[in-house]
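Given next are the chains, with one letter for each unit.
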Amino acid sequence: MQKLRHLPFVLAAGLAFWAAPASAADGEAGPYLAARLAGADSDYAVAAEYYARALAADPGNSMLIENAAISELARGSVADGLKLARQFDETGGKSQIADLLILADLAQNEDYAAAVSELVRGRSAGQLVDGLFRAWAYLGMGQMSEATAEFDKLSAVGGLKSFGLYHKALALASVGDFEGADAIFAGADGGPLRATRHGILAHAQILSQLERNADATALLNTAFGPEGDPAVRALRARLEAGETVPFTLVSGPKDGIAEVFYTVASALGSENTDVNTLAYARVAEYLAPKDADAVLLVASILERQGQHALASTEFDKIGRDDPAYLQAELGRAGALVASGHTDTAIEVLRRLAKDHPDRIEVWNTLGDTLRREERFDEAATAYDEAIARIKGEPEVYWSLYFARGICKERAKNWTGAEADFKRALELYPDQPSVLNYLGYSYIDRNENLDDALKMIEKAAAERPDDGAIIDSLGWGLYRLGRYDEAVVQMEQAVELMPVDAVVNDHLGDVYWAVGRTREAEFQWRRALSFAEDSMDADPDRIRRKLAVGLDKVLAEEGAKPLAVSKNGD
């Protein structure tokens, strides 16, 4: 779909939480400010509560009503949002969020004639939505020619052609004109359309209705590869079994209008995660509550907004019999981790792995979650299960070997770790993260220093702004006794990662090596201030360096003194 900056359907400022009220009564100012703060943090439930309090003090304030409506819609309380929209109408003002909710309610009740009348009177949810909504409403009234004219009118507007054509194709398919729909999708009549997941699935169903299952299967394979998500695999299986798959993406005008909001939210979602995008997604879900894709879209927006509890509620809506259940459970596990319930997330993933033992992504996610918890042996076992299930195109799974290598290295199994890092590089030669980790590990072990430095230099050339890689480069130069060169790299690393304990600690060591002892002590103190948030920093060692200096610490550890290393011994 088109980039957001090219789409003339961005919602008006009336949807923004920071819109100021027309007036501020004494009893309403506190709750209003609290509501605005909650809205700025996308905490819609709290915002809705405080807007309700503010409205109790000033029930006729149109701006408060409007903001309360968007809060209710955003948190999923469409019915409460609709009441507020109607209340806003009584003020005589103009609000796009109120219009959006009232039009959605008309679609929900399939009152298409009233919807068209409202659009004619000037009610609007944005240019693109209005045009598509009107076209589907005409279809609901049995006026196919008027519907087609509306779709064609939109298709003639710069930037909106693909939207108009896509919905026209869906409308044709919904009334049984599969030849006409295929002509659009295939490009014979105004297309071809830019591929979206919904569009590809719709086209596959259309091709099946035209007794072209082989073409439908080829379309899925080209778009999603030989696997794909569970819904894609289920559709492919039906096609390969020779079944004539019904066209179900849009069964009628109401589904078509739901798809309008889903289409717009998806297009906006690639650029924004703001409340405007969420509003469209919520309406799509309201009109098509059994559409797993709409539910997942709402959940993904909430996740990116940091509203993990609301996102988890969305994931819970998808039942076990839905092909999207696996994706929803993986999403729920991620929301649980983000909200601090990691143990519960691990339980969810273990149960999912038991129920779906063949799914690599489940084992991979379990491994990633355990690894973040520093449960490295358990994580490595999960990655073992994922790797054991690799079939074909193993190069795409290089990250599994890399992740398992990290776990083995952390668990002090260097032989296994080194083998996994090398295997990852066989699958993805010169992958910067792997080169850096393996090179740094060699340096940290004081092994293969020349080769390690070459690896890190290659990684740094690929990612010159990656602080971790530049830190590795500086540390490698330090270990090789090339202190002056190390200073340059370590100073750059600190610029890139100013609050990283390990990087600041390294810069302190490098400064000490070139005789800049006061600056070294300053960096060690900085490192110590950040050490609490680092799993790799050694605060006791940093304190010892501050107490007696690096030279004595190295002597206590049995390491070579800096002067000897500097001379190349």
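Relevant structure appears above.
What you are looking at is a predicted structure, and each value in this text was computed from that prediction instead of being measured.

### Looking at the overall build of the chain
Phase 1: A count of helices and strands for the chain gives 32 helices and 0 strands.
Phase 2: Within the chain, residue pairs in contact and separated by at least 24 positions form 53% of the contacts whose partners lie at least 6 positions apart.
Phase 3: Summed over its atoms, the accessible surface of the chain is roughly 25,000 Å², and 49% of this surface lies on carbon and sulfur atoms.
Phase 4: The positive charge centre, built from 59 side chains, and the negative charge centre, built from 89, are 3 Å apart in the chain.

### What to know about the packing of helix H29 (residues 517-530) against helix H30 (residues 539-548)
Phase 1: As a packed pair, H29 and H30 sit with axes 10 Å apart at the nearest point and diverge in direction by 155°. Classed by the angle they form, the pair H29 and H30 counts as roughly antiparallel. Where H29 crosses over H30, the handedness of that crossing is left-handed. Here Glu521, Trp524, Arg525, Ala527 and Leu528 of H29 come into contact with H30, specifically with Pro539, Ile542, Arg543, Lys545 and Leu546.
Phase 2: When its residues are assigned to classes, the contact of H29 with H30 shows 6 nonpolar, no polar and 4 charged.

### Re the packing of helix H26 (residues 467-479) against helix H27 (residues 483-496)
Phase 1: At a minimum axis separation of 8 Å, H26 and H27 run at an interaxial angle of 160°. Judged by the angle between their axes, H26 and H27 are roughly antiparallel. Note on packing geometry: the crossing formed by H26 with H27 is left-handed. Note on element contacts: H27 touches H26 through Tyr483, Glu485, Ala486, Gln489, Met490, Gln492, Ala493 and Leu496, opposite Gly467, Ile470, Asp471, Leu473, Gly474, Trp475, Leu477 and Tyr478.
Phase 2: Its residues placed into classes, the contact of H26 with H27 shows 10 nonpolar, 4 polar and 2 charged.

### Remarks on the pattern of salt bridges
Phase 1: Considering all chains together, one arrives at 46 salt bridges under this definition.
Phase 2: Taking the shortest distance from any N to any O, the salt bridge between arginine 86 and aspartate 105 comes out at 2.7 Å. Of this pair, arginine 86 sits in helix H4 (residues 78-89) while aspartate 105 sits in helix H5 (residues 96-108); the two residues are 19 residues apart in sequence, bridging distant segments of the chain.
Phase 3: Given a relative accessible area of 43%, arginine 86 falls into the partly exposed group.
Phase 4: Judged by its relative accessible area of 11%, aspartate 105 is buried.
Phase 5: Two residues, aspartate 182 and arginine 212, come together in a salt bridge whose shortest N-O distance is 3.0 Å. Pair noted here: aspartate 182 is in helix H10 (residues 178-186) and arginine 212 is in the loop between helix H11 (197-209) and helix H12 (213-224), with a separation of 30 residues, a long-range link.
Phase 6: Residue aspartate 182 is classed as buried on the basis of its relative accessible area of 11%.

Calculation criteria
- Residues numbered from 1 in each chain as written.
- Predicted model: local features only at pLDDT ≥ 70, side-chain atom pairs only at ≥ 80, totals over all residues.
- Heavy atoms only, no water.
- Helix = DSSP H or I, 4+ residues; strand = E, 2+ residues; numbered from the N terminus.
- Contact = heavy atoms within 4.5 Å.
- Areas by Shrake-Rupley, 256 points an atom, 1.4 Å probe, with all protein chains shown as cover.
- Lys, Arg positive; Asp, Glu negative; His and termini not counted.
- Charge placed at Lys NZ, Arg CZ, Asp CG, Glu CD.
- Axes fitted to C-alpha atoms, helices over the stretch in contact; angles between N-to-C directions.
- Parallel < 35°, antiparallel > 145°, perpendicular 65-115°, else oblique.
- Left-handed = near helix turned anticlockwise from the far one by under 90°.
- Nonpolar A, V, L, I, M, F, W, Y, C, P; charged D, E, K, R; others polar.
- Salt bridge = Lys/Arg side-chain N within 4 Å of Asp/Glu carboxyl O.
- Buried < 20%, exposed > 50% of the residue type's maximum accessible area, 1.4 Å probe, protein only.

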